[in-house]
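One-letter residues, chain by chain:
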Amino acid sequence: MRQCVNIYWNRGIYVEGRRARFVVDPVGPVEGPVDFVLVTHGHSDHVSRYMFKHLVVATAETFKAIEVKFGGVPPRRLVTAPGRVFEVGGVEVAVFDAGHIVGSVMYLVELDGVQILITGDYSVYGSILTDGAEPVEKPDILITEATYGDPAYVFPNKADVYNELLDLVERHAGERGVAIAAYPLGKAQEVSALLGSRAKAHPLVARYNRALGIRSGTDGDVVVVPSLKAAPPGFVKVEATGWYSDEEYRRRSAERGIYGVPLSDHSDYVGLIEFVNASAPKLVYTVYGFSERLARSLRRLGHRAYTIPGAAGLSRFLK
Ligand SMILES: [Zn+2]
């Protein structure tokens, strides 16, 4: 018998088959009945209060991040971890490290005989806190993020980026103090772990650090802040984000007195392409960021790749 699943995007990735219907990382009201919700990680564009009404599957670290963010956790939870395989609502689920932030995972699900890998955000390079994401071979469908899915975004080696950040701190900490802006969940833990006792944490960063078991220092002249707006007056401003791999963007920020450091917890364009090539899926859907651009590049390489369809354009995968 031919098997069929439907996959579409409506402020979350919906997957529906004969045996089950579920949504991954919903950020809007959950549409229709779902058997469960899968959450890949705790970033704001992947979690919402809407999921609290449902059975939520996530890692312990992601639930901790949800608790810091929302002041509570969904009452019905299934706590998982990389390496686990389990069944929920008639669906077999295997969990893999996504290498993006602490506790981030990818899910390989099997629904009605169709294997679907849902990456969430991922980094093939990993970090001081995470191992890089490994390709999962030959799923029927790969749903990949495309945040940096444009050829303009090729990251420097991570060790070089870490050294650049450490050099900036060494050069400027003694004179004026250094404020390093890093997204409070994920990047801020990476920067805090890199600088160790050398850097103290802004209160919001400190809450995430504490919840995730990352130590911060107490020195006054280096501080990890959630955004440059929170930098203490007079401190040298450093901002850590992958967008600084664009030299023009970096130059414009330098003109405003900001040191841009191209530190990313995603895969760059090259990493995304390599991950898809090594996975060799039958069908690829791209989602988030440069999804159209990445899908086009993948088609040129011979993949059957498209931007994930919206609710209006239900996509059917037949096996
Ligand atoms: Zn993310």
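- For the protein chain, an unreviewed UniProt entry supplies the name mRNA 3-end processing factor and the organism Pyrobaculum calidifontis.

## A look at the coordination of the zinc ion
And step 1. The zinc ion binds to the protein through H41 (NE2), H43 (ND1), H100 (NE2) and D121 (OD), with metal-donor distances spanning 2.1 to 2.2 Å.
And step 2. Relative to the metal, the four donor atoms surrounding the zinc ion lie at angles of 92 to 159 degrees, and the coordination shape comes out irregular.
And step 3. Taken in chain order, the donor set of the zinc ion reads H-x1-H-x56-H-x20-D. Note that H41 is positioned in the loop between β4 (36-38) and β5 (56-59) and H100 in the loop between β8 (91-97) and β9 (105-111), a separation of 59 residues in sequence.
And step 4. Note on H100: relative accessible area 2%, which makes it buried.

## A word on empty space enclosed by the protein
And step 1. In total, this model carries one cavity of 30 Å³ or more according to the counting rule given.
And step 2. In this model, the largest cavity occupies a volume close to 50 Å³.
And step 3. The class makeup of the residues in the lining of the largest cavity is three nonpolar, four polar and three charged.
And step 4. When residues of the lining of the largest cavity are assigned to domains, at least three fall in each of domain 1 (4-151 + 266-318) and domain 2 (158-261).

## Quick notes on helix α1 (residues 60-70)
And step 1. Those residues of α1 lying buried are T62, F63, A65, I66, V68 and F70.
And step 2. Buried-residue contacts for α1 involve β5, β6 (77-80) and α4 (203-211).

## Observations concerning the side chain of S192
And step 1. Relative to the helices and strands, S192 is located in helix α3 (residues 187-195).
And step 2. Within the local environment of S192, its side chain forms a polar contact with the backbone oxygen of A188, the two atoms lying 2.7 Å apart.
And step 3. At a separation of 3.1 Å, a polar atom in the side chain of S192 contacts the side chain of N209.
And step 4. Look past the residues within four positions of S192 in its chain and what remains in contact with it is V205, N209, I214, R215 and V224.

## Remarks on the packing of α3 against α4
And step 1. Axis separation between α3 and α4 bottoms out at 10 Å; the angle between their running directions is 80 degrees. As judged from the angle between their axes, α3 and α4 are roughly perpendicular. Every residue of α4 that contacts α3 at A188, Q189 and S192 is listed here: V205, Y208 and N209.
And step 2. Taken together, the residues that form the contact of α3 with α4 break down as three nonpolar, three polar and no charged.

## A few points about the environment of D265
And step 1. On the secondary structure map, D265 appears in the loop between β16 (258-261) and α6 (269-279).
And step 2. For D265, a relative accessible area of 7% gives the class buried.
And step 3. Once the C-alpha coordinates of D265 and Y125 are considered, the two residues, 140 residues apart in sequence, prove to be 8.3 Å apart.

## With respect to the side chain of K158
And step 1. Checked against the element boundaries, K158 lands in helix α2 (residues 158-172).
And step 2. Look past the residues within four positions of K158 in its chain and what remains in contact with it is G126, S127, E190, L263, S264 and D265.

## Re the sheet that holds β9
And step 1. With mixed pairing, seven strands are arranged side by side in an open sheet as β7-β8-β9-β10-β11-β17-β18. One side of each edge strand has no neighbouring strand; the edge strands of this open sheet are β7 (85-88) and β18 (305-307). If you compare each strand with its neighbour and ignore which way they point, the axes differ by 25 degrees on average.
And step 2. Taken together, the five bridges between β9 and strand β10 (residues 114-118) define a ladder with antiparallel strand orientation. Residue pairing for β10: Y107 is matched across the bridge by I118.
And step 3. Sitting on the sheet, α6 touches β9, β10, β11 (141-145) and β17 (283-287), and the angle it makes with β11 is about 170 degrees.
And step 4. Sheet contacts for helix α7 (residues 291-300): β11, β17 and β18; angle to β18, the most-contacted strand, approximately 170 degrees.

## Some remarks on the layout of surface pockets
And step 1. In this structure, the largest pocket spans a volume of roughly 360 Å³.
And step 2. Lining of the largest pocket is provided by 22 residues; of these, Y183, K187, T241, W243 and D265 occupy positions nearest its centre.
And step 3. Looking at side-chain class alone, the lining of the largest pocket contains nine nonpolar, eight polar and five charged residues.
And step 4. Residue contributions to the lining of the largest pocket reach at least three from each of two domains, namely domain 1 (4-151 + 266-318) and domain 2 (158-261).

So, how was this worked out
- Residues numbered from 1 in each chain as written.
- Predicted model: local features only at pLDDT ≥ 70, side-chain atom pairs only at ≥ 80, totals over all residues.
- Heavy atoms only, no water.
- Donors = N, O, S within 2.8 Å, 3.2 Å for Na, K, Ca; no water.
- Tetrahedral: all angles 85-135°; square planar, octahedral: opposite > 155°, others 65-115°.
- Helix = DSSP H or I, 4+ residues; strand = E, 2+ residues; numbered from the N terminus.
- Buried < 20%, exposed > 50% of the residue type's maximum accessible area, 1.4 Å probe, protein only.
- 1 Å grid on protein atoms, 1.4 Å probe; cavity = no way out; pocket = protein on both sides within 12 Å on 5 of 7 lines; lining within 4 Å.
- Points joined across faces, edges and corners; volume = space filled by probe spheres on them.
- Nonpolar A, V, L, I, M, F, W, Y, C, P; charged D, E, K, R; others polar.
- Domains from an automatic or database assignment.
- Contact = heavy atoms within 4.5 Å.
- Polar contact = N/O pair within 3.5 Å; in protein donor to acceptor, adjacent residues only side chain to side chain.
- Axes fitted to C-alpha atoms, helices over the stretch in contact; angles between N-to-C directions.
- Parallel < 35°, antiparallel > 145°, perpendicular 65-115°, else oblique.
- Pairing = 2+ DSSP bridges.

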